[in-house]
Amino acid sequence: MPHSPEFLLRLLQRFPRRPNQINQIHSLLISEGHLLYNPNAAYTSLKWMSTLLYNALTRAYLGLGQAHKTLVLFTHMLAHQAPPNSHTFPSIIKAAASSSPSLGKPLHTQVIKHGVLIDPFVQTSFVGMYAQLGEIFDARKMFEEMSQPCVVACNAMLDAFGKNGDMGSALLLFERMPERDVVSWTSVINGFGKNGCFSDAVKFFEKMMAHEDVMACLVKPNEATYVSVLSSCANLDGGGALCRGKQIHGYAIRNEIEFTVFTGTALIDLYGKTGCLRSALNVFNQMVFKEVCTWNAMISSLAANGREAEVLDMFEKMKVEGQRPNEVTFVAVLTACARGKLVEMGLKLFQSMLHEFGIAPLMEHYGCVVDLLGRAGLLKEATGFIRSMPFEPDGSVLGALFGACKIHGAIELGNAVGERLLELQPRHCGRYVALSNINAGMERWDHAADLRKAMVVAGIQKIPAYSLIDCM
DNA sequence: TTAGGGTTAG
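Quick notes on the rules
Residues numbered from 1 in each chain as written. Chains lettered and ligands numbered in written order. Predicted model: local features only at pLDDT ≥ 70, side-chain atom pairs only at ≥ 80, totals over all residues. Heavy atoms only, no water. Helix = DSSP H or I, 4+ residues; strand = E, 2+ residues; numbered from the N terminus. Buried < 20%, exposed > 50% of the residue type's maximum accessible area, 1.4 Å probe, protein only. Contact = heavy atoms within 4.5 Å. Areas by Shrake-Rupley, 256 points an atom, 1.4 Å probe, with all protein chains shown as cover. Near = heavy atom within 4 Å. Polar contact = N/O pair within 3.5 Å; in protein donor to acceptor, adjacent residues only side chain to side chain. Nonpolar A, V, L, I, M, F, W, Y, C, P; charged D, E, K, R; others polar. Axes fitted to C-alpha atoms, helices over the stretch in contact; angles between N-to-C directions. Parallel < 35°, antiparallel > 145°, perpendicular 65-115°, else oblique. Left-handed = near helix turned anticlockwise from the far one by under 90°. 1 Å grid on protein atoms, 1.4 Å probe; cavity = no way out; pocket = protein on both sides within 12 Å on 5 of 7 lines; lining within 4 Å. Points joined across faces, edges and corners; volume = space filled by probe spheres on them. Arc of directions from axis to C-beta. Phe/Tyr/Trp six-rings, centres within 6.5 Å; stacked < 30°, edge-to-face > 60°.

> Give me the lowdown on the overall build of chain A, citing residues and values where you can.
From N to C terminus, chain A includes 28 helices and zero strands. Principal-axis analysis of the C-alpha atoms places the extent of chain A at approximately 95 × 55 × 50 Å. Counting over 472 residues, chain A shows a buried share of 47%. For chain A, contacts bridging at least 24 residues in sequence account for 59% of all contacts bridging at least 6. With the model as given, the accessible surface of chain A reaches about 24,700 Å², and the carbon-plus-sulfur share is 56%.

Listed below in structure tokens is the structure:
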């Protein structure tokens with residue numbers, strides 16, 4: 001018994017995040033011929049049915065994070081002559097931005113060809129896409145072509161400036177906006193955070209909370225706002241991170257914000273980075289739903305606070321609870337093994353990455369293993385391991401070996417690695433100082449002094465180290 | 001033509 005296209009369309013809209021249902025509906029739509037364009041249909045609504053169904057399908061696949069499939073479906077749509085309309089392109093543009101940057105310009109051409117570039121939803125999608133591709137000039141051009149950009153379009157442009165490191169322009173636009181909503185404020189807070197201006201992000205959040213729109217409850221911070229500001233707070237240097245973070249946590253509780261996987265993970269990260277492990281664990285244990293990022297935040301917090309045994313326990317617990325570790329999990333776990341000199345365990349975990357979990361080790365993981373072997377004094381093994389790498393080691397990998405040479409007084413090897421590092425990282429002040437110290441240790445005073453002089457000539461200054469006890 | 005655009009965690 002065939003299904004009516006209207007029925008299948010309603011089903012598609014009802015199960016937007018269930019892959020099985022979407023695949024089944026897609027199959028039915030194909031087998032029952034609903035995706036074929038019918039230009040001779042009796043009614044206009046029927047004539048547009050295939051377009052409508054394609055639009056709902058592409059949106060559904062995009063919602064599942066299947067950007068590539070979304071784009072393939074769009075090519076099928078064109079091949080079957082189902083005419084795309086202004087509702088088609090926002091999903092397609094978003095899919096291209098995340099998975100196929102080279103399709104950006106051809107899509108722009110398609111949009112012009114179908115006469116829908118005038119549509120504000122399509123224009124806003126392009127602002128987002130060009131921002132994502134780092135083409136800020138094109139994003140800005142598209143935005144400036146909009147006759148009366150609404151708050152959503154302005155927010156897309158705010159985010160575009162933030163993504164491309166131009167917070168000055170973001171602030172200018174923010175000030176000029178006739179209307180601002182929670183996304184406008186959050187985009188600026190997030191922009192500051194993404195550009196490393198953590199203190200500005202926190203100050204902007206405070207400005208938001210004191211603003212008349214928030215006071216009058218016209219604008220209310222939401223989950224994204226709290227996650228952005230907490231993330232900046234966790235990275236605040238110069239003290240005050242824990243104090244500010246606790247204040248913001250308090251704001252969130254008073255504003256009855258729903259504690260979700262996102263907010264919970266941001267809080268664990270904050271408390272972990274500020275050394276408040278008990279609070280991190282409290283948040284973690286209270287969370288009903290945990291995702292891989294939640295486990296990673298907790299494992300990284302334990303690793304950063306020297307709790308190697310608990311890192312490994314948590315890693316086991318994660319697997320028992322059915323959560324699959326990812327590449328970030330392994331960075332945290334391998335770091336803990338290196339710090340705890342758990343060589344055998346670290347190597348076993350490194351091997352398991354590919355063999356048990358199908359995760360190809362990245363440069364960071366190789367760096368962790370070099371650190372693991374190097375800290376344990378196994379310099380020969382560390383050197384051999386670097387030689388066996390499938391790609392050329394970068395500064396972080398050689399830096400780990402160099403660090404181990406310093407710890408274990410391996411002057412000759414340290415000198416050789418240090419010279420190589422200077423070629424790779426000519427602006428890294430610590431490398432000059434450390435290499436100079438190694439030469440001084442060998443009583444090669446001329447070479448040590450030359451390195452210091454080279455630093456001065458290159459205009460590289462050593463940043464004075466400082467330590468800080470942040471209490472509240 | 002019922003739909004479509006902006007912010008969030010390691």
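> Explain the protein's contact with DNA strand B to me, and be specific about the residues and the numbers.
Taken together, 44 residues form the shell around DNA strand B, and within it Ser86, Thr124, Asn155, Asp181 and Asn326 come nearest. Each atom of DNA strand B within 4 Å of the protein was classed as base or backbone; sugar and phosphate made up 34%. A distance of 2.5 Å is found between a base nitrogen of DNA strand B and a backbone nitrogen or oxygen belonging to serine 86. A distance of 2.7 Å is found between a base nitrogen of DNA strand B and a side-chain nitrogen or oxygen belonging to aspartate 119. For the surface near DNA strand B, a count of residues per class yields 18 nonpolar, 16 polar and 10 charged.

> Describe in detail the packing of helix 18 (residues 277–286) against helix 19 (residues 292–304), supporting the description with residues and values.
Contact geometry for helix 18 and helix 19: axes closest at 10 Å, N-to-C directions at 160 degrees. Compared by their axis directions, helix 18 and helix 19 come out roughly antiparallel. In the crossing of helix 18 with helix 19, the sense of the turn from one axis to the other is left-handed. On helix 19, the residues touching Leu277, Ala280, Leu281 and Phe284 of helix 18 are Thr294, Trp295, Met298, Ser301 and Leu302. Of the residues contributing to the contact of helix 18 with helix 19, the split by class is seven nonpolar, two polar and no charged.

> Break down the layout of surface pockets for me, with residues and values.
Here the largest pocket defines a volume of roughly 1,100 Å³. In terms of lining residues, the largest pocket is bounded by 38 residues, among which Arg59, Leu62, Pro90, Lys94 and Ser125 are the most central. Looking at the lining of the largest pocket, the elements with two or more residues in it are helix 1 (5–14), helix 4 (49–63), helix 6 (89–99), helix 8 (120–132) and helix 10 (151–163). Across the lining of the largest pocket, the residue classes break down as 18 nonpolar, 14 polar and six charged. Forming the boundary of the second largest pocket are 18 residues, of which Thr186, Asn190, Gly191, Lys194 and Ser228 lie nearest the centre. Of all the secondary-structure elements, those providing two or more residues to the lining of the second largest pocket are helix 10, helix 12 (182–194) and helix 15 (223–234). Of all the elements, helix 12 adds the most residues to the lining of the second largest pocket, at seven residues.

> An account of unusual backbone geometry is requested, with residue identities and associated values reported.
One non-glycine residue, glutamine 81, lies in the positive phi region at around 60 degrees. Of note, lysine 341 is a non-glycine position whose phi angle comes to about 55 degrees, a positive value. Here lysine 341 lies in the loop between helix 21 (327–339) and helix 22 (343–357). Relative accessible area serves as the criterion here: at 53%, lysine 341 is assigned to the exposed category.

> If you had to explain helix 11 (residues 167–176) to someone new, which residues and values would you point to?
When helix 11 is considered as a whole, its buried residues turn out to be Met167, Ser169, Ala170, Leu173 and Phe174. Taken around the axis of helix 11, the buried residues stretch over an arc of 155 degrees, which confines them to a single face. Of the surrounding secondary structure, the elements contacted by the buried residues of helix 11 are helix 9 (136–144), helix 10, helix 12 and helix 13 (198–210).

> Explain helix 9 to me, and be specific about the residues and the numbers.
What helix 9 keeps buried is the set Asp138, Ala139, Met142 and Phe143. Buried positions in helix 9, seen along its axis, are confined to an arc of 135 degrees and lie on one side of it. Of the residues in helix 9, the exposed ones pointing more than 90 degrees away from the buried face are Phe137 and Glu144. Tucked inside the fold, the buried residues of helix 9 contact helix 7 (104–113), helix 8, helix 10 and helix 11.

> Explain the packing of aromatic side chains to me, and be specific about the residues and the numbers.
Across all of its chains, the model carries 15 aromatic pairs by this definition. Measuring from centroid to centroid gives 6.0 Å for phenylalanine 126 and tyrosine 130, while their planes differ by 25 degrees, and the two rings are stacked. Within this pair, phenylalanine 126 and its partner tyrosine 130 are both found in helix 8, separated by four residues, close to a single helical turn. An identical accessibility class is assigned to phenylalanine 126 and tyrosine 130; each is buried. Between tryptophan 185 and phenylalanine 204, the aromatic rings sit 5.2 Å apart at their centres with planes inclined by 45 degrees, giving tilted as the arrangement. On the criterion of sequence distance, the pair formed by tryptophan 185 in helix 12 and phenylalanine 204 in helix 13 is long-range, its members being 19 residues apart. The same class applies to tryptophan 185 as to phenylalanine 204, namely buried.

> Can you lay out the side chain of threonine 186 for me, pointing to particular residues and giving the numbers?
You can see threonine 186 is positioned in helix 12. Setting aside chain neighbours within four positions, we find threonine 186 in contact with Asn222, Ala224, Thr225 and Ser228.

> Outline the environment of leucine 46, supporting the account with residue identities and numerical values.
Along the polypeptide, leucine 46 turns up in helix 3 (residues 44–47). A relative accessible area of 36% places leucine 46 in the partly exposed class. Separated by 46 residues in the primary sequence, leucine 46 and isoleucine 92 have C-alpha atoms spaced 23 Å apart. If we skip the residues at most four places from it in the chain, leucine 46 touches Glu6 and Ala41.

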